[in-house]
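An overview of the molecular structure
So you can see what is in the structure, the chains are spelled out below.
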Amino acid sequence: MNDGLRLSMQKLVLLFFLSIAYTNVAANSQIFIRINQLGYTPQENKECVILSKRDLSGFPLSIIDSQSRTSVFQVKLSESVGSVGDFNYCYRADFSSLKSTGKYFARIRLSNSPEFRIGENFYNPLVDSLLLFFKVQRCGNTQPYLHQACHLFDATNLIIDGRKFNKQIDVTGGWHDAGDFTKFLNTTAYSTYTLLFAYLFDPIKFRNDVDANGIPDILDEARIGLDWLLKVNYEKFKLVTQIQDLRDHSQGWRLPERDRLSLDRPAFVGMGKNLIGIYTATMALGYRVWKDIPNQFSFADKCLTIAENLYSIHQEVPNLDNSGTGAYRDTRYLGKMALGAVELYLSTDREQFLVDAKKFGTKAGADYWWSWGDINAYSHYRLAKIDTNFKQYLYKNLIFFEKKANKNLFEDAIQDTWGTNSTILGVALQAILWKDLTGDTRFDDLARKQRDYVLGKNQWGISFIYNIGTDYAKNFHSQIAYFNNGRLPGAVAAGSISRNKLSGYSLNYEKPDKYELFQTDNAVYRDDRMDYVTNEPTITANATAVFVMGYYAGLK
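Described in the following lines is the structure provided in the data block. Keep in mind it's a predicted model, so treat the numbers as computed, not measured.

1. Concerning the side chain of S498
As for its placement among the helices and strands, S498 is situated in the loop between α13 (479-482) and α14 (499-502). Discounting residues that sit within four places of it in the chain, S498 has contacts with D416, D521, N522 and A523.

Pasting the structure below:
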């Protein structure tokens, strides 16, 4: 064979193998495995979802040991159970029988999942990270993390019923609510309550004290919230509901200590049964925690006194507060009033508080939701410990969520809306409360599925918590993160929203959509710092995540 012919043959062979390689890569690029990227305890049910553009029925999915690179488990895919966008073939694979501890990844054909673990105690660092986010959000002279002390003159004037009053009050401290620098009573009270609630729910799991000051870290953060809530009650029967107005959103990207509006931050004053409910619940719970901490009884007593004072005027105020710029306005108040009354009863043993709590709790009923403003389940859980009739409302919620989850490919329990991840975590929270209340494990899987969704078993294959997992949210709508090279420990992204709802907002994205293949009309998520709808972190989502992920943490 002459050299020319030999060279031609070699080129043909090379082209043949290149075409095979290209075909395999092309086929591989059309298969995606979605899984909890952090991992599972040995006894938990374990599942992943496979997205494909071709039929994979009957193909084997293997679980590969990361160290030995050998298959330790295999299951054949059954029929497709749904579709996502252009991925017309979607499958669920169960590998619950794999209980050996270790690090693994799932593989089908040439596609691999992110690595995950099976074992114990690896959720503990996640809880520490979630709490660190609150330190990033600290405002005032509170030893914040990743930025300097800021907004040291809050507030420079008062706004009451739309009128501006040239009066300064001290409402420094607390937490910035989200990626901006505003502060709100509603969300601060909810977050503080949830941190306190989590600690009392399991003080052993939440006893970690990284700074070695003798106080569990979760209570260090709750104290930031309580101190600020005491300040917003600037007169006996007055409450500040919001710090700063909409101008905060038009100042450009800056660190909080460089805020040009630091000397012009008004405080909005308002009142309503909704505010009294969540405020008194938080302060009464704060009393029960701090009264047992050495040398803190006077602080605890102050919390309880203020709670009782404000509760005493609940019949004289509107049902719903409408102060501020329109953010975080409640549409319901009964559940919060029930919670305030039952926490006061548990703190004082006064029978009238229990009478009120039962009245409000019954009228509130099941709310079939969870958010900073929809927390009826908290009050029903507390009341059911006293009167088992109230557990029915929690059960109704969970049956509703379970039915929703069973209809969804990724088994998330709600329809996407603003703050989807916070609500998904709230579903898990309610399932955990049910088990504690009744000992019934029926909803354990519901809770786990919501946790798994947030940690990567979703259509984008992203862990919504910063630095957790292999592919995690990195470009948060957060000014502090922006000036720290994207770093935002423990931040939880808001999560997806329907395309129709998202179209109502003017978002100027910074980067191309790397998840374009996986967007649908029902759910859109962008890991882009300009997306304040789906990619902004909030203290309320983080507080809920602290409780839920703390539940899965081991003892330390």
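2. A few points about the packing of aromatic side chains
Throughout the structure, instances matching the rule amount to 45 aromatic pairs. Each residue in the set Y190, Y193, F197, F201, W370, Y378, Y381 and F547 is aromatic and connected to the rest through ring pairs, giving one cluster. One residue, R451, lies across the ring of Y552, its end atom 4.5 Å from the ring centre. Here the basic side chain of K474 rests over the ring of Y472, its NZ or CZ set 4.2 Å away from the ring centre.

3. Some details on the state of the cysteines
Tallied over the full model, the rule gives 0 disulfides. No disulfide involves C150; its sulfur sits 4.0 Å from that of C139, the nearest cysteine.

4. Section: the sheet that holds strand β7 (residues 87-94)
As summarised here, the arrangement of the 4 strands in space is β1-β3-β7-β6, forming an open sheet in which the pairing is antiparallel. The open sheet has two edge strands, β1 (31-34) and β6 (82-84), and neither has a second partner. Adjacent strand axes in the sheet meet at a mean angle of 35°, parallel and antiparallel pairs treated alike.

5. Considerations on a nonpolar patch on the surface
On the surface, a nonpolar cluster with roughly 330 Å² of combined accessible area is contributed by L152, F153 and L263. Of note, L263 is situated in the loop between β14 (239-243) and β15 (266-270). Assessed through its relative accessible area of 61%, L263 is described here as exposed.

6. Let's talk about the sheet that holds strand β13 (residues 183-184)
Hydrogen bonds between backbone atoms are what pair the strands of a sheet, whose relative direction is either parallel or antiparallel. Taken together, 5 strands build an open sheet; the order of strands is β12-β11-β15-β14-β13 and the sheet is mixed. The sheet terminates laterally at β12 (163-165) and β13, the two strands that pair on one side only. Of the strand pairs in this sheet, strand β11 (residues 157-160) and β15 are connected by 4 bridges, and their pairing is parallel. By the bridge assignment, I160 is partnered in β15 with V269.

7. A word on the packing of helix α11 (residues 420-438) against helix α12 (residues 444-454)
A pair of packed helices is captured by two measures, namely the crossing angle of their axes and the spacing between those axes. The geometry of α11 relative to α12 is characterised by a closest axis approach of 8 Å and an angle of 155° between their N-to-C directions. Taken together, the axis directions place α11 and α12 in an arrangement best described as roughly antiparallel. For α11 against α12, the interelement crossing comes out left-handed. For the pair α11 and α12, contact is made by N421, I424, L425, V427, A428, A431, I432 and K435 and by D444, L446, A447, Q450, Y453 and V454, respectively. Along the lines of polarity and charge, the residues of the contact of α11 with α12 split into 10 nonpolar, 2 polar and 2 charged.

8. Some remarks on the environment of D330
With respect to the helices and strands, the residue D330 is situated in the loop between α6 (297-311) and α7 (334-348). When the C-alpha positions of D330 and L185 are compared, they lie 12 Å apart, and in sequence the two are 145 residues distant. Among the polar contacts listed, one links the side chain of D330 to the side chain of N274, at a separation of 2.8 Å. Reaching out from D330, the side chain makes a polar contact with the side chain of K336 at a distance of 2.9 Å.

9. Focus on the pairing of β15
Among the 5 residues in β15, 5 count as buried, and that is most of the element. Where burial is concerned, the two faces of β15 agree: the one with P266, F268 and G270 and the one with A267 and V269 are both buried. Sheet topology note: the β14/β15 ladder contains 4 bridges and is antiparallel. In the strand pairing of β15, I243 is matched with A267.

Criteria and cut-off values
- Residues numbered from 1 in each chain as written.
- Predicted model: local features only at pLDDT ≥ 70, side-chain atom pairs only at ≥ 80, totals over all residues.
- Heavy atoms only, no water.
- Helix = DSSP H or I, 4+ residues; strand = E, 2+ residues; numbered from the N terminus.
- Contact = heavy atoms within 4.5 Å.
- Phe/Tyr/Trp six-rings, centres within 6.5 Å; stacked < 30°, edge-to-face > 60°.
- Lys NZ or Arg CZ within 6 Å of the ring centre and 35° of its normal.
- Disulfide = S-S within 2.5 Å.
- Pairing = 2+ DSSP bridges.
- Axes fitted to C-alpha atoms, helices over the stretch in contact; angles between N-to-C directions.
- Patch = residues over 30% accessible without salt bridge, like charges linked within 9 Å, V, L, I, M, F, W, Y side chains within 5 Å.
- Areas by Shrake-Rupley, 256 points an atom, 1.4 Å probe, with all protein chains shown as cover.
- Salt bridge = Lys/Arg side-chain N within 4 Å of Asp/Glu carboxyl O.
- Buried < 20%, exposed > 50% of the residue type's maximum accessible area, 1.4 Å probe, protein only.
- Parallel < 35°, antiparallel > 145°, perpendicular 65-115°, else oblique.
- Left-handed = near helix turned anticlockwise from the far one by under 90°.
- Nonpolar A, V, L, I, M, F, W, Y, C, P; charged D, E, K, R; others polar.
- Polar contact = N/O pair within 3.5 Å; in protein donor to acceptor, adjacent residues only side chain to side chain.

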